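# Breakdown of the fold
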Amino acid sequence: MEALQVIWFLLVGILVTGYAILDGFDLGVGFWHLFAKKKGERSAFIESIEPFWDGNEVWLLTGGGALFAAFPPVYATAFSGFYLAMMLVLLGLIFRAVGIEFRNKVDSPAWTKAWDFAFAIGSILPSILYGVAMGNILRGLELSAVGDYTGGFLALLNPFALVCGLVGLSMFALHGALYISMKLDGGIAADARKWAQKT
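Values in this document were obtained by computation on a predicted structure and should not be read as measured data.

Turning our eyes to something else, we now look at the overall build of the protein chain. Counting its secondary structure elements, the protein chain contains nine helices and zero strands. Going from N to C terminus, the protein chain has its helices and strands arranged as α-α-α-α-α-α-α-α-α. Taken over C-alpha atoms, the radius of gyration comes to 18 Å for the protein chain, in line with the 16 Å a tight globule of 199 residues would show. Scored against the burial criterion, the 199 residues of the protein chain give a buried share of 42%. Summing over all exposed atoms, the protein chain offers an accessible surface of approximately 11,200 Å²; the carbon and sulfur share of this is 72%.

Written out as structure tokens, the structure is:
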């Protein structure tokens, strides 16, 4: 029984790591999307991730399903105790998806700008919250004897976890800048290399 738990633990770890690697560049591109100034940059960013972004999120869903199947008490604690945080992540992912799909539906600069902003915020918010979650896991969580989370949402926003959130955002931003520098060319790639150095 113990060997099976270790195998599931490794599998969940691989799925979450796979998500961070494969969806990390999408989140990073979304971060830089907010700061893109040159004409055509934002469209080029979206086109570079368009074939991949929705498939990359499957890793997160599979990781959640594996956690539910292998470790139901952990799943129950995480999804009940971190309900507000999970809803914020979900909201960010929805903004990102809708921003990508709707930005070119109406030929209006204001429309495109609004969805570009939604896409950027929908990428930045989950990036920070993933880092905050990892910071809280490393720091330890307040659990009752039966495994229920006893802290509130604000307890998750402790200084250590917030620093981890900023580090997570920086790592995703670096990932996105490196992806842009490899996927695109010309001035955009040169700018992306400078962004990567800054992060």
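Next up on the list: the environment of valine 89. The topology assignment puts valine 89 in helix α6 (residues 83-102). Note on valine 89: relative accessible area 13%, which makes it buried. Between the C-alpha atom of valine 89 and that of tyrosine 75, which follows or precedes it by 14 residues, the distance is 16 Å. Those residues in contact with valine 89, other than ones at most four positions away along the chain, are Pro126, Leu129 and Tyr130.

In this section: the packing of aromatic side chains. With the rule as written, the count across this model stands at 13 aromatic pairs. A connected cluster of aromatic rings, assembled from ring pairs, spans Phe31, Trp32, Phe35, Phe45 and Trp195.

Let's shift gears to the pattern of salt bridges. Counted according to the given criterion, the structure contains three salt bridges. Salt-bridge contacts for aspartate 116 lead to arginine 42; the nearest nitrogen and oxygen are separated by 3.8 Å. With aspartate 116 in helix α7 (residues 109-139) and arginine 42 in helix α2 (residues 41-49), the pair connects residues that are 74 residues apart, well separated along the chain. The partly exposed category is assigned to arginine 42, whose relative accessible area is 22%. Where arginine 103 meets aspartate 116, a salt bridge forms, and the shortest distance between an N and an O atom there is 2.6 Å. Placement of the pair is arginine 103 in the loop between α6 and α7 and aspartate 116 in helix α7, with a sequence separation of 13 residues. In this structure, a network of salt bridges that share partners links the residues Arg42, Arg103 and Asp116.

Core analysis: the biggest nonpolar cluster contains 24 residues, and Trp32, Phe45, Ile49, Ile180 and Trp195 have the highest contact counts within it. When contributions to this core are tallied by element, the ones reaching two or more residues are α1 (2-33), α2, α6, α7, α8 (159-183) and α9 (187-198). Not counting residues within four places of it along the chain, the set of residues in contact with tryptophan 32 comprises Phe45, Ala173, Gly176, Ala177, Ile180, Trp195 and Thr199. In terms of nonpolar packing, the next biggest core, distinct from the first, is built from seven residues, Tyr19, Val89, Tyr130 and Phe172 among them.

The grouping of Val6, Phe9, Leu10, Ile14 and Trp59 at the surface amounts to a nonpolar patch, some 510 Å² of accessible area in total. In terms of residue count, the dominant contributor to the nonpolar patch is α1 (four residues). The class for isoleucine 14 is exposed, based on a relative accessible area of 53%.

Orientation of α8 relative to α9, taken along the N-to-C sense of each, is 155°, at an axis distance of 8 Å. Of the possible angle classes, the one that applies to α8 and α9 is roughly antiparallel. The element α8 and its partner α9 pack so that their crossing is left-handed. Seen from α8, the contacting residues are Leu174, Ala177, Leu178, Ile180 and Ser181; seen from α9, they are Ile188, Ala189, Ala192, Arg193, Trp195 and Ala196.

Right, let's talk about the side chain of serine 127 for a bit. By the element assignment, serine 127 lies in helix α7. Accessibility expressed as a relative area gives 1% for serine 127, which makes it buried. A polar contact is formed between the side chain of serine 127 and the backbone oxygen of serine 123, at a distance of 2.7 Å. Not counting residues up to four positions away in its chain, the partners in contact with serine 127 are Leu27, Gly165, Gly168, Leu169 and Phe172.

Parameters at a glance
Residues numbered from 1 in each chain as written. Predicted model: local features only at pLDDT ≥ 70, side-chain atom pairs only at ≥ 80, totals over all residues. Heavy atoms only, no water. Helix = DSSP H or I, 4+ residues; strand = E, 2+ residues; numbered from the N terminus. Rg over C-alpha atoms; globule rule 2.2 N^0.38 Å. Buried < 20%, exposed > 50% of the residue type's maximum accessible area, 1.4 Å probe, protein only. Areas by Shrake-Rupley, 256 points an atom, 1.4 Å probe, with all protein chains shown as cover. Contact = heavy atoms within 4.5 Å. Phe/Tyr/Trp six-rings, centres within 6.5 Å; stacked < 30°, edge-to-face > 60°. Salt bridge = Lys/Arg side-chain N within 4 Å of Asp/Glu carboxyl O. Core = buried A, V, L, I, M, F, W, Y, C linked by side-chain atoms within 4.5 Å. Patch = residues over 30% accessible without salt bridge, like charges linked within 9 Å, V, L, I, M, F, W, Y side chains within 5 Å. Axes fitted to C-alpha atoms, helices over the stretch in contact; angles between N-to-C directions. Parallel < 35°, antiparallel > 145°, perpendicular 65-115°, else oblique. Left-handed = near helix turned anticlockwise from the far one by under 90°. Polar contact = N/O pair within 3.5 Å; in protein donor to acceptor, adjacent residues only side chain to side chain.

Geometric descriptors of this kind do not, in isolation, establish any biological role.
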